[in-house]
Amino acid sequence: MKTIKELASMGERVYVHLKDEETAMRFLHQAESEGFTFGDGVSPTNRHCSDLYAIHPDSTLNYVGSVGRIEYASGADSCVRVEYQELL
């Protein structure tokens, strides 16, 4: 399995989709163990779960709002999308 840091190096912003809460918690724990934080320094497991996150090469992650969700769903070639459960 690739690390989240390896995934983050695939682009400036990489969208990670999580199929359910259990998968999301696994992702958040792995991200935290690899040193990822939200932009304000809060650790991933100290925030609520979501089904979609953006990860960045600087080891930060963020929730994805409506504009990001449109980009994710658009299928644009410039958009890097990862189905986390497929990597497990």
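Residues numbered from 1 in each chain as written. Predicted model: local features only at pLDDT ≥ 70, side-chain atom pairs only at ≥ 80, totals over all residues. Heavy atoms only, no water.

## Quick word on helix H2 (residues 21–33)
In a regular helix each residue adds 1.5 Å, so 13 residues correspond to 18 Å; H2 covers 18 Å between its end C-alpha atoms and thus fits that length. Buried residues of H2: Thr23, Ala24, Phe27, Leu28, Gln30 and Ala31, and no others. In an axial view of H2, the angular spread of the buried residues amounts to 165°, which keeps them on one side of the axis. What points out from H2, more than 90 degrees from its buried face, is the exposed set Glu21, Glu22 and Ser33. Buried-residue contacts for H2 involve helix H1 (4–8), strand S1 (14–17), strand S3 (52–55) and strand S4 (60–63). One side-chain oxygen of the residue at the start of H2 lies 3.3 Å from the amide nitrogen of Glu22, identifying that residue as Asp20. Looking at the residues trailing H2, positive phi occurs at Gly35, about 90°. (Helix = DSSP H or I, 4+ residues; strand = E, 2+ residues; numbered from the N terminus. Expected span 1.5 Å × (residues − 1). Buried < 20%, exposed > 50% of the residue type's maximum accessible area, 1.4 Å probe, protein only. Arc of directions from axis to C-beta. Contact = heavy atoms within 4.5 Å. Polar contact = N/O pair within 3.5 Å; in protein donor to acceptor, adjacent residues only side chain to side chain.)

## Regarding the pairing of S3
Because side chains alternate across S3, one face comprises the buried residues Leu52 and Ala54, and the other comprises Tyr53 and Ile55, equally buried. The pairing of S1 with S3 spans four bridges and is antiparallel. By the bridge assignment, Val14 is partnered in S3 with Ile55. Here S3 runs beside S4; their pairing, made up of three bridges, is antiparallel. Along S4, the bridge assignment pairs Ile55 with Leu61. Counted along the chain from S3 to the antiparallel partner S4, the turn is four residues long, and its residue Ser59 has a positive phi close to 65°. (Pairing = 2+ DSSP bridges.)

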